[in-house]
Amino acid sequence: MSEPPGPTEKSPESEPWSAQSNKPDVKTEEVPEWNPALVGKASKGAFAERIKDAVLDASERARAALSMREDNLFLLLSVIIGLFAGLAVVCFRISIDYTRLELFGSGINPSAARVVLVPALAGLLLAFVVLRIFPRVRGSGVTQTKSAVYIYDGYIPFDTVIGKFLTCALAIGSGQSLGPEDPSLQMGAGIASALGRRLHLSRERVRLIAPVGAAAGLAAAFNAPISAVLFVIEEVIGTWSAGILGAVVLSAVAAVVVMRLFLGAEPLFTVPPYSMAHATELLSYAVLGVVGGITSLIFVKLLRWVRARARRLPRWSLYIQPALAGLIIGSIGIRFPQIMGAGYDSMDQAMHGQFLWRTLVALAFLKVLATTVSISSGAPGGMFAPTLFIGGMVGAAVGTAQHQFFPSLSGSLGAYALVGMGTLFAGFLRAPMTSVFMVLEVSGNYSIILPVIISNAIAYVIGRRFQETPIFDLMTREEGLDLPSMEEGREQTVLLVENAMRKPVGLILKASDSVADACSRLADTTDDELLVSYNTGRWTRVNKSTLQDAARGGKGRQPLSQVLPSGRLPRLHPDQSLDLALRLMRDAPFLPVVHRADSRHLVGLLSLDDILDAYRRASILKSGAVE
Amino acid sequence: MNSSHICSKCGRTIPAERLVCRCAERPRQYWLHSRETILLFCVLGLVVAFGFTGFAARLYHDRRADLARSWFDRGNAELKAGRADAALSDFRTALVYAQRELPLEQQQRYELDFVQALIATGNSDQARSYLLDMWERAPGNSAVNLELARIAARMGNDADAKRYYNGAIYGVWDESADAVLLRRMDTHLELYCYLMDRREKAEAQAELLATAAATPPDPALHAEVGQLMLDAGQPQQALDEFQRALRIGPRNYEALAGAGEAEFQLGNDQQAARYLENAVRENAQQKRRPGSQLGNSAARETEQAQVMQHLAIAEASLALNPHAPGLDPMERARRAVRAYDTTMARIRSCAAKHGIALLTPNRNLAPFTRAASDDLAVAALARHTEQLDPLMDFVFKTESAATENCGPPSDPANAAILRIGGKTLVSP
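Numbers given for residues are sequential positions, taken from 1 along each chain in its written order. A letter from A marks each chain and a number from 1 marks each ligand, given out in the order of writing. Only residues with pLDDT of 70 or above have their local features reported here, since the model is predicted, and side-chain atom pairs are shown and tallied only from 80 upward, although totals for entire chains, interfaces and linings are computed over all residues. Side-chain measures here rest on the full set of heavy atoms in the structure, leaving out hydrogens and waters.

Some points on the overall build of chain A
Working step 1: Helix and strand content of chain A: 25 helices and five strands.
Working step 2: Residue burial in chain A is summarised as follows: out of 627 residues, 54% are buried.
Working step 3: Between two residues, a contact is recorded if the distance between any of their heavy atoms is within 4.5 Å. Across chain A, the fraction of contacts at a sequence separation of at least 24, relative to all contacts at a separation of at least 6, is 75%.
Working step 4: Computed with the Shrake-Rupley method and a 1.4 Å probe, the accessible areas treat only the protein chains shown as cover for residues. Of the roughly 28,000 Å² that chain A leaves accessible, carbon and sulfur atoms contribute 60%. Here a helix means four or more residues in a row that DSSP labels H or I, a strand means two or more in a row labelled E, and each is numbered from the N terminus. Remark: exposure states derive from per-residue accessible area (1.4 Å probe, protein chains only) relative to the maximum for the residue type, with buried under 20%, exposed over 50%, and partly exposed in between.

Below you can see the structure in the form of C-alpha cells.
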C-alpha cells in the first residue's frame with residue numbers, strides 16, 4: 001500500500017480551497033517549503049483569512065459600539081414589545097370583526113337559524129382546536145401570565161400566542177360572550193417572553209418581561225395605557241417596582257400608539273359629557289355601588305357553581321361544551337343579540353340612553369348567564385369586556401330609574417353607565433385602583449372621580465365581604481396552581497420597628513464622656529454592650545471590657561470618641577419595617593431607634609429577640625382573627 | 001503525518017481536520033446570535049409587521065366604510081319604497097359601520113336620516129332620545145337642534161321647541177356659507193310659522209323681522225319674507241323687504257306684485273298702481289319667454305288675477321277720488337258725481353234683488369243728486385264745493401250699505417269708492 005500523496009504532490013485544480021474538511025496538511029500559519037503552486041495557494045488563503053479577520057474585527061467593533069447595558073436593553077426591548085403587541089392586537093381586533101362578518105353577515109339582525117347554529121358549530125371547531133392543537137390556550141390569560149412570572153420563569157410558549165389569536169378570534173367572532181382584552185394581554189406577554197428568551201436576557205429579566213408585554217397587550221386592547229399599567233401592577237406583579245415601572249409604561253404607551261395609528265384615536269366608548277346635577281346625586285352612585293356589588297357577587301357565585309359542575313362532567317364532554325354554550329348563547333341571542341360577542345356597540349348604546357330600563361336589566365343578567373356558560377365551557381376569551389358590559393347595563397338601569405324618580409337630580413345616563421362599568425370592575429375583578437383610573441381614562445373627565453370612587457369602593461367592599469377570594473385567584477386554584485394572591489398581598493400587615501422596639505432603659509454613654517467617667521458608671525448596669533451617642537447624631541456601641549481595658553491602659557482621661565473604634569451603628573426609625581431592621585441588624589445585639597427630626601433623641605432599642613417576638617405576636621393575632 | 005499547529009492568535013492547537021482556529025469562527029457565530037443582531041431582526045420584523053398590519057387595517061376600514069354606504073343606500077331605497085321598518089334596520093346597520101369610519105359630517109347625515117326614519121315610523125320617543133344624545137355630543141349642531149325643535153313642536157312642548165329652534169338658528173351648520181344663510185332663514189321662517197300657529201303674533205312678527213335681517217341677498221328670498229310680512233299684517237315692513245328685493249332684482253315679479261300689494265294696503269294707490277302695472281307687464285314678458293312654465297302655474301294665475309283686480313281698484317281709486325291733491329273744483333265735482341252714479345247703480349240693482357230700502361240723501365244735496373244731467377250736477381257741485389264732502393259721505397254710506405247687504409263689490413269702481421271712503425274716514 002502506498003502512502004496517500006501529500007498536498008504538495010497534488011495539482012491545485014484537484015483540491016479547491018473551498019473544500020474545508022479535506023485539507024489535513026495545509027498549514028495556514030506557515031509555508032514549509034518553496035513551491036510556486038502551493039505558495040500561490042497559501043498566499044491566497046492567507047489573504048482570504050486576513051479579509052475574514054478584518055470583517056470579523058469590524059463587525060466585532062460595530063457590535064461593541066452597539067452593545068448596551070442590560071438595563072438599557074430592557075427599556076428598548078419594552079418599546080419593541082409594545083410595538084409588536086400593539087400590532088398583534090390590531091390584527092386580532094380586525095380578525096374578530098372579519099370572523100363575525102363572515103359568520104353572521106354584515107347585517108345587525110341575522111336570521112334566527114344563523115344566530116343559533118353559528119356559535120354552536122363554531123363551538124365544536126373551537127373545542128377540537130383547543131383540545132387537540134392548542135391545549136395551553138384554555139383558561140385565563142391573566143392567570144397564565146401570572147403562572148409564567150411565578151412558576152415558569154417568564155416562559156410562555158409562542159404557540160400559545162398563535163393559539164390565543166386564532167381560537168379567541170373564532171370564539172368572540174362566533175358570538176361567545178367573551179372579550180378580547182384578556183387574550184390580548186396574554187398575547188402581549190407571550191410576545192415579550194419570546195423576545196426576552198431570544199435576546200438571552202437574564203432569568204430575572206425574562207421573568208419580568210412577561211408583565212411588560214401583558215401591559216402592552218391590555219393597553220392596546222383597552223386603548224387606555226394608564227389602566228393597563230395599573231392592572232398589571234395591581235394584578236400580575238403585585239408591587240410597585242421602579243425597575244419595571246418604566247418598562248411597563250413604555251410598552252403600554254407604544255402599544256396604544258400603534259393601536260391608535262391603525263384603528264383610530266377614539267376612546268373605547270363615546271362618553272357623553274358629565275356634570276353633577278346636585279351633591280345628593282352621589283347617593284344614587286352609592287346605590288349603584290350596592291347594586292353593582294350584588295351583581296358582582298351573583299356573577300362570581302354563578303360562575304363558580306357552573307364551573308364546578310362543568311369540571312365534574314366526563315372528559316369527552318369537553319368536546320361539546322363550547323358547542324352547548326354556543327347553543328345557549330345563540331338561543332338568547334335571537335331575542336337579545338346584544339349579549340353576543342364582546343358587546344362594545346351595545347355598551348355605547350346603553351351609554352347614550354338607547355335602551356329601556358327593562359331591557360337594560362334583562363341584558364345585564366342574560367350577559368351574566370351567557371358569560372358564565374362561555375367561560376365554564378372552556379371557550380378561550382376574556383372576562384373584561386363582559387364585566388364592563390354587565391356593569392354598563394346595571395349602571396344605565398340605575399341611571400334610568402334615577403331619571404324616572406328624581407329627574408331633577410340626575411346627571412347624564414352615560415355617566416351612570418360608565419361608573420357602572422368601573423363598579424363591576426372593582427366588585428367582580430377586584431381591581432379597585434384600575435377600575436377608578438379606567439373610568440377616568442375612558443371618560444377623559446376628572447370630575448367623575450367622586451361618583452366612581454364612592455360606587456367602586458362600595459362594590460369592592462361588598463365583594464370582599466361576601467366572596468373573600470377574588471375571581472382570578474379562584475380560577476387559579478381551580479387549575480391546581482398556587483399563585484400569590486395580589487389582594488392578599490396588598491392586605492398583609494407590614495410590621496414596623498415601632499411594633500417591636502422596647503423603651504431605652506439602661507446606661508447610655510456620650511462620646512464626650514471620659515473613659516474614667518464611663519467606667520465609674522459601669523456599676524449601674526448589668527449590660528455588657530453599651531450605647532454611645534455622639535453630638536452629631538451618630539451612634540455606636542462599646543463593650544464593658546473594652547472600656548475597662550482602656551482605663552487600665554492609661555486612657556482614663558481621654559474622651560470615649562478617641563478610644564472607640566471608628567465604626568457606627570445603623571440607626572432605625574419607628575416607621576421603618578422590621579424587614580429593613582433585620583437587614584441592618586447583622587451581628588449587632590441591638591440597634592438604636594431614633595427620632596426622625598433629631599437623631600440624637602433615642603426613642604427605643606431593637607434587638608433580634610424583639611423582632612421575633614413581634615412576628616410571633618402578629619401571627620397569634622392573625623390566627624385568632626381567622627378562627 | 002501530524003499536521004496540526006498552533007494558532008498565532010490564541011495560542012491553542014488547531015486540530016488537523018480544521019482549517020482555521022475556533023477563535024476565528026466564534027465571532028461570526030456570536031455575531032449571528034448576538035443581541036444586536038436579534039434586535040436588528042426585530043426592527044426588520046417590525047417594519048414587515050407594520051406593513052402587513054397597515055395593509056390589513058386599510059382593507060378593514062375600507063370594507064366597513066363600504067358596508068356603511070351600502071346599508072345607508074339600501075335604507076334610503078327601503079324608505080322610498082315605503083318600507084320604513086326595513087329602512088330603520090338598514091340605517092341602524094349603516095350607523096354601526098359608519099362610526100369611526102366615515103367623516104363626522106357624513107355620520108351626522110346618516111344619523112339624521114335615521115332619526116327621520118324613526119319619526120316616519122312613529123318612533124318619536126326613540127328619535128328624540130337619539131337626538132338628545134346627538135345634542136349632548138354637539139349642543140351647537142343646528143341640524144340636530146332643528147330636528148329636536150320639530151319633535152318638541154309636534155309634542156306641544158313650547159319652551160323646548162323655541163329653545164331648539166333658536167339653537168338651530170344660531171348654531172353651526174356643516175354647509176357652505178351660502179347654504180348656511182339659506183338654512184338659517186328657513187329655520188327662522190319655520191319658527192315664524194310655528195309661532196303663528198300658536199297665535200303668538202307679536203313674537204312671530206319679531207321673528208319675521210329677524211328673518212329679514214338674516215335673509216341672503218336674493219330677490220326671491222326677500223320677496224318671500226316680504227310676502228310673509230304682508231300676511232302677518234306688516235305692510236310697511238313688507239314694502240321695505242320688497243323694495244330690498246327690487247334693488248337686487250328690479251324685474252322680480254313677486255317683488256313687484258308684493259310691493260304693489262303692500263302699497264295698496266298702505267293706501268298709496270298711485271305707487272300701488274305703478275308696481276302692479278310693472279308686475280302685470282313682467283308677468284306677460286315672462287310668459288312670452290321661451291320655455292317659461294308660468295302658463296301652467298295655477299298659483300301664479302290666481303296671484304295674477306289678484307294683481308289685476310288690485311290694479312283695477314287702484315286705478316279706479318285714482319280716477320274716482322275727489323280728494324286727490326292738485327285737482328280743480330270742476331274735476332273734483334266730476335269725480336264725486338261719477339262716484340255717486342256708480343254707487344247708486346249698484347245700490348239700485350242690489351235693492352231690487354234683496355229688497356232693501358234706499359238711503360235718502362240730505363236735502364242740501366238735492367241739486368246734485370236730482371239734477372237733470374250729470375253735467376248740470378257737476379257744474380252745480382263745482383259752484384258749491386262745500387257740498388263735496390257731504391255728497392261723498394252719502395256715497396260711502398250707500399256703498400257700505402250695499403256691501404253689507406249684497407256682499408263685496410265686483411266692480412273695481414265700487415271697491416275703489418269703499419277704499420276712498422275708508423281712507424277718508426281714517427285719515428283726518
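Notes on the pattern of salt bridges
Working step 1: When a carboxyl oxygen of Asp or Glu is within 4 Å of a side-chain nitrogen of Lys or Arg, the pair counts as a salt bridge. All chains considered together, the criterion is met by 36 salt bridges over all chains.
Working step 2: In this structure, the salt-bridge partner of Asp575 of chain A is Arg596 of chain A, at a minimum N-O distance of 2.9 Å. In this pair, Asp575 of chain A sits in the loop between helix H23 (560-563) and helix H24 (578-585) while Arg596 of chain A sits in the loop between strand E4 (590-594) and strand E5 (602-607), placing the two residues 21 residues apart along the sequence.
Working step 3: Using a relative accessible area of 53% as the deciding quantity, one classes Arg596 of chain A as exposed.
Working step 4: For the salt bridge of Arg198 of chain B with Glu200 of chain B, the shortest nitrogen-to-oxygen distance reads 3.3 Å.
Working step 5: Given the relative accessible area of 18%, Glu200 of chain B is considered buried.
Working step 6: Overlapping salt bridges, with partners in common, bring together Asp158, Lys162, Arg198, Glu200 and Glu203 of chain B in one network.

Here's the deal with the sheet that holds strand E2 (residues 529-533) of chain A
The strands that make up a sheet pair up through hydrogen bonds in the backbone, lying either parallel or antiparallel.
Residues and elements named next belong to chain A.
Working step 1: Any two strands with at least two DSSP-identified bridges between them are counted as paired. Spatial strand order, E1-E2-E3: three strands in an open sheet with mixed pairing. Each edge of the sheet is formed by a strand with only one pairing partner; in this case those strands are strand E1 (508-510) and strand E3 (539-543). Taken over all neighbouring pairs, the strand axes of this sheet differ in orientation by 40 degrees on average, direction set aside.
Working step 2: Pairing between E1 and E2: three bridges, direction parallel. The residue of E2 that forms the bridge with Lys510 is Ser533. Axis lines are fitted through C-alpha atoms, for helices just across the contact stretch, and the angle between N-to-C directions can take any value from 0 to 180 degrees.

What about the packing of helix H5 (residues 158-173) of chain A against helix H6 (residues 181-198) of chain A?
Residues and elements named next belong to chain A.
Working step 1: Viewed as axis vectors pointing N to C, H5 and H6 meet at an angle of 155 degrees, and their least axial separation amounts to 8 Å. Relative to H6, the element H5 is oriented roughly antiparallel. Every pair of crossing elements has a handedness; the one defined by H5 and H6 is left-handed. Of the residues in H6, those touching H5 at Phe158, Thr160, Val161, Lys164, Phe165 and Cys168 are Pro183, Gln186, Met187, Gly190, Ile191, Ala194 and Arg197.
Working step 2: Under the convention adopted here, Pro, Cys and the residues Ala, Val, Leu, Ile, Met, Phe, Trp and Tyr are nonpolar, Asp, Glu, Lys and Arg are charged, and Gly plus all remaining residues are polar. Looking at the contact of H5 with H6 residue by residue, the classes come out as eight nonpolar, three polar and two charged. Roughly parallel covers angles under 35 degrees, roughly antiparallel covers those over 145, roughly perpendicular covers 65 to 115, and oblique covers all other angles. Crossing handedness is read from the near helix: turned anticlockwise from the far helix by less than a right angle, it gives a left-handed crossing, and turned clockwise, a right-handed one.

Digging into the packing of aromatic side chains
Two aromatic rings, taken as a pair, are described by how far apart their centres are and by the angle between their planes.
Working step 1: Stacked, tilted and edge-to-face pairs are distinguished by plane angle, under 30 degrees for stacked and over 60 for edge-to-face with tilted covering the rest, among Phe, Tyr and Trp rings (Trp via its six-membered ring) whose centres lie within 6.5 Å. One pass over the structure, following the stated rule, counts 18 aromatic pairs over all chains.
Working step 2: Relative to Phe472 of chain A, the ring of Phe384 of chain A has its centre 6.4 Å away and its plane inclined at 40 degrees; by these criteria the two rings are tilted. Taken together, the residues Phe384 of chain A in helix H14 (residues 384-405) and Phe472 of chain A in helix H18 (residues 471-478) connect sequence positions 88 residues apart. Like Phe384 of chain A, the residue Phe472 of chain A is buried in the burial classification.
Working step 3: Pairing Tyr165 of chain B with Tyr194 of chain B gives two aromatic rings, centres 5.9 Å apart and planes at 40 degrees, and the pair type is tilted. Placement of the pair is Tyr165 of chain B in helix H7 (residues 158-170) and Tyr194 of chain B in helix H8 (residues 177-197), with a sequence separation of 29 residues.
Working step 4: Counting every residue linked through ring pairs, the aromatic cluster contains Phe222, Phe231, Phe384, Phe425 and Phe472 of chain A.
Working step 5: Here Lys367 of chain A stacks its cationic end above the ring of Phe389 of chain A, 4.6 Å away from the centre of that ring. Put simply, a charge is over a ring when the Lys NZ or the Arg CZ is close to the ring centre, within 6 Å, and near the line of the ring normal, within 35 degrees.

Observations regarding unusual backbone geometry
Residue and element names in this part refer to chain A.
Working step 1: Even without being glycine, Asp153 reaches a positive phi, approximately 50 degrees.
Working step 2: With respect to the helices and strands, Asp153 occurs in the loop between helix H4 (141-150) and H5.
Working step 3: With a phi angle near 55 degrees, Asn223 is a residue other than glycine that sits in the positive phi range.

A closer look at a nonpolar patch on the surface
Residues and elements named next belong to chain A.
Working step 1: Candidates for patches are residues over 30% relative accessible area with no salt bridge; among them, like charges are joined within 9 Å and nonpolar side chains (Val, Leu, Ile, Met, Phe, Trp, Tyr) within 5 Å. Residues Leu117, Leu121, Leu124, Trp316, Ile320, Leu324 and Leu327 make up a contiguous nonpolar surface patch of about 680 Å² in total accessible area.
Working step 2: Ranked by the residues each element gives to the nonpolar patch, the list is headed by helix H3 (residues 112-133), at three residues.
Working step 3: Within the secondary structure, Ile320 sits in the loop between helix H10 (281-312) and helix H11 (321-335).

Brief notes about helix H5 (residues 124-137) of chain B
Residue and element names in this part refer to chain B.
Working step 1: Helix span, as expected, comes to 1.5 Å for every residue beyond the first. Its 14 residues place the ends of H5 20 Å apart at the C-alpha level, agreeing with the 20 Å of an ideal helix rising 1.5 Å per residue.
Working step 2: Taken as a whole, H5 has its buried residues at Ala127, Tyr130, Leu131, Asp133 and Met134. All buried residues of H5 project into a common sector of 155 degrees when viewed along the axis, lining one side.
Working step 3: Taken together, the buried residues of H5 touch helix H3 (84-98), helix H4 (104-120) and helix H6 (142-154). Throughout, the arc means that of the directions going from the helix axis to the C-beta atoms.

Re the side chain of Asn223 of chain A
Working step 1: Among the secondary structure elements, Asn223 of chain A is positioned in the loop between helix H7 (203-222) and helix H8 (225-237).
Working step 2: Contact partners of Asn223 of chain A, with chain neighbours within four places excluded, come to Val256, Arg260, Gly264, Ala265, Glu266 and Pro267 of chain A.

A word on the pairing of E5 of chain A
Residues and elements named next belong to chain A.
Working step 1: Most of E5 is tucked away: five of the six residues are buried.
Working step 2: Across five bridges, E4 lies against E5 in antiparallel orientation. The partner of Val593 across the bridge, within E5, is Gly604.

A word on the environment of Asp527 of chain A
Residue and element names in this part refer to chain A.
Working step 1: Counting through the fold element by element, Asp527 comes out in the loop between helix H21 (515-520) and E2.
Working step 2: Since its relative accessible area comes to 37%, Asp527 is described here as partly exposed.
Working step 3: Separated by 16 residues in the primary sequence, Asp527 and Asn543 place their C-alpha atoms 9.0 Å from one another.

Concerning the environment of Met330 of chain B
All names here are of chain B.
Working step 1: Its place among the elements puts Met330 in helix H15 (residues 329-354).
Working step 2: For the pair Met330 and Arg383, spaced 53 residues apart in sequence, the C-alpha separation works out to 8.4 Å.
Working step 3: When neighbours within four sequence positions are excluded, Met330 is seen to be in contact with Val378, Ala379 and Ala382.

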